[in-house]
Amino acid sequence: MKLQDLLLDEKASVKQAIEKLEKVRCKTVYVVKGRKLLASISDGDVRRFTLKSEDMNQGIACIANYTPHAFYESDKNGWKKIFQQSELYSVPLVNYNDEIVGVVFRNGTVIKEQEQMDIPVVMMAGGKGTRLHPYTKILPKALIPVGDIPISERIINRFCECGCRDFFILVNHKSAMIRSYFDNIEKNYRIQYMEEAEPLGTGGGLSLLKGFVKRDFVLTNCDILIDADYTAIYKIHLKKGNFITMVLSEYDSKIPYGVVEIDQENNYQKVTEKPTFQYLINTGVYIVNQRVIEEMPENTIMDFPDIIEKYKRQGERIGCYVIKESAYMDMGQFEELEKMKEKLNVQ
């Protein structure tokens, strides 16, 4: 059985839900939008519906449970405990973007499935990481450990799970240490290093990849993790014909004071206590057309946002894929590093 066999599109009918339950011979299937978990439907939900002699062509919203039990994959204690405290037949496992990544059954069987995309991944790892001093006075930022695994290796492992095998690391600061680490571990992927003689910003180093990367590729910083469906992002990139797809994260900023509005004559209008403002922030992960490499001038300092602006002015489609704030983990500062460890359940 595959994970897809247990998933039902949100627009399906009750009849289709019954057919799905019959086909998989499981007691529960899960309703999704794309891969985001929305609800569950059990055989009990179906029985109660059919006893009322209702129309089988109705949408599944009339029988679905939109508050299903779900657990993060790392929360093994959580999903083991729920089986002890309930009669649930199975529970879904989700990532921090609320996408279903697997299903675990009462007998301990786990079904996981990651759609594959085999495209090159380019990692920017030449920065000095000054915000993480004193760690980065000893180690390059790419080798700062998160638990017992360096952040850059964790990033690579995530991409390997969805089929990526070719990695290009742009290096400068403490580059020999990065090379030495990856050259001395067992791995089932290929790494090529591109050395910047001088720092070229977050985009200029792409010129070093001419002749090496000849198709769309992923560009990522070396200090962030995205707990989302990479393949889904790539599919949207292709479907919409994007030249560049930016991965954005929701971000809530709460003002810890009462915010006062006044008019042009400094007369009071109203006060809003501790308001929260919603923004979309750049995660530093992109899917990029190969032309960016081909057309990049050599030995030119350039940041990637400037590259985006350049191609936008030329009329190229710049798309965006938005993930939840909880799915974006940034190691750039000590406080965020500790949050990352907590989410990944490592010390």
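Fair warning: this is a prediction, and the values are worked out from it, not measured in the lab.

### Section: the overall build of the chain
Link 1 in the chain: Scanning the chain from N- to C-terminus turns up 10 helices and 20 strands.
Link 2 in the chain: In terms of overall dimensions, the chain has a C-alpha envelope of 75 × 70 × 45 Å along the principal axes.
Link 3 in the chain: In the chain, buried positions account for 46% of the 347 residues.
Link 4 in the chain: A fraction of 66% describes how many contacts in the chain between residues 6 or more apart in sequence connect residues 24 or more apart.
Link 5 in the chain: Accessible surface computed for the chain: about 18500 Å², of which carbon and sulfur atoms make up 47%.

### Thoughts on the environment of Ile156
Link 1 in the chain: Turning to its location among the elements, Ile156 is positioned in helix α5 (residues 151-161).
Link 2 in the chain: Of the residues examined, Ile156 reaches a relative accessible area of 1% and is grouped as buried.
Link 3 in the chain: As a C-alpha pair, Ile156 and Asp166 span 10 residues in sequence and 9.8 Å in three-dimensional space.
Link 4 in the chain: Ignoring any residue separated from it by four or fewer positions in sequence, one finds Ile156 in contact with Met123, Phe167, Ile169, Phe182, Tyr189 and Ile191.

### With respect to the pattern of salt bridges
Link 1 in the chain: A complete count under the given rule lists 15 salt bridges for this structure.
Link 2 in the chain: A salt bridge links Glu195 to Arg179; the shortest N-O distance between them is 3.3 Å. Linking Glu195 in strand β12 (residues 190-195) with Arg179 in helix α6 (residues 175-183), this pair joins segments that are 16 residues apart in sequence.
Link 3 in the chain: On the basis of relative accessible area, Glu195 is assigned to the partly exposed category, the value being 36%.
Link 4 in the chain: Lys341 is the partner of Glu338 in a salt bridge, and the nearest nitrogen-oxygen pair spans 3.7 Å. Highlighted residues: Glu338 and Lys341, both in helix α10 (residues 334-344), separated by three residues, approximately one helical turn.
Link 5 in the chain: The partly exposed category is assigned to Glu338, whose relative accessible area is 44%.
Link 6 in the chain: One network of salt bridges, with partners in common, ties together Arg35, Glu115 and Lys235.

### Re the UniProt feature "domain: Nucleotidyl transferase" (unreviewed entry) in the chain
Link 1 in the chain: Under the feature "domain: Nucleotidyl transferase" (unreviewed entry), the UniProt entry names residues 122-344.
Link 2 in the chain: End-to-end, the C-alpha atoms of residues 122-344 are 23 Å apart, and along that stretch the chain is 26% helix and 32% strand.

### With respect to the pairing of strand β8 (residues 121-125)
Link 1 in the chain: Of all five residues that make up β8, five are buried, and the element is covered over most of its length.
Link 2 in the chain: Judged by which residues are buried, β8 turns out to be covered on both faces: Val121, Met123 and Ala125 on one side and Val122 and Met124 on the other are all buried.
Link 3 in the chain: As paired elements, β8 and strand β11 (residues 166-171) share five bridges and run parallel to each other. Looking at β11, one finds that Met123 is bridged to Ile169.
Link 4 in the chain: The pairing of β8 with strand β13 (residues 217-221) spans four bridges and is classified as parallel. Across the sheet, the residue bridging to Val121 is Val218, located in β13.

### Thoughts on the packing of aromatic side chains
Link 1 in the chain: By the definition in use, this model includes seven aromatic pairs.
Link 2 in the chain: Geometrically, the ring pair formed by Tyr181 and Phe182 is edge-to-face, given 5.3 Å between the ring centres and 90 degrees between the ring planes.
Link 3 in the chain: We classify Phe182 as buried; its relative accessible area is 0%.
Link 4 in the chain: Stacked on the ring of Tyr96, the Lys or Arg Lys343 has its end atom at 5.1 Å from the ring centre.

### Let's talk about the sheet that holds strand β5 (residues 90-94)
Link 1 in the chain: Overall, mixed pairing links the four strands, which are arranged β4-β5-β6-β7 in an open sheet. The strands lining the two open edges of the sheet, one partner per strand, are β4 (71-72) and β7 (110-112).
Link 2 in the chain: As paired elements, strand β6 (residues 100-105) and β7 share three bridges and run antiparallel to each other. Directly across from Val103, in β7, lies its bridge partner Ile111.
Link 3 in the chain: The strands touched by helix α3 (residues 76-85) are β4, β5 and β6; relative to β5, the strand with the most contacts, the crossing angle is about 165 degrees.

Rules used throughout
- Residues numbered from 1 in each chain as written.
- Predicted model: local features only at pLDDT ≥ 70, side-chain atom pairs only at ≥ 80, totals over all residues.
- Heavy atoms only, no water.
- Helix = DSSP H or I, 4+ residues; strand = E, 2+ residues; numbered from the N terminus.
- Buried < 20%, exposed > 50% of the residue type's maximum accessible area, 1.4 Å probe, protein only.
- Contact = heavy atoms within 4.5 Å.
- Areas by Shrake-Rupley, 256 points an atom, 1.4 Å probe, with all protein chains shown as cover.
- Salt bridge = Lys/Arg side-chain N within 4 Å of Asp/Glu carboxyl O.
- UniProt positions renumbered as here; feature names shortened; annotations may be inferred.
- Pairing = 2+ DSSP bridges.
- Phe/Tyr/Trp six-rings, centres within 6.5 Å; stacked < 30°, edge-to-face > 60°.
- Lys NZ or Arg CZ within 6 Å of the ring centre and 35° of its normal.
- Axes fitted to C-alpha atoms, helices over the stretch in contact; angles between N-to-C directions.

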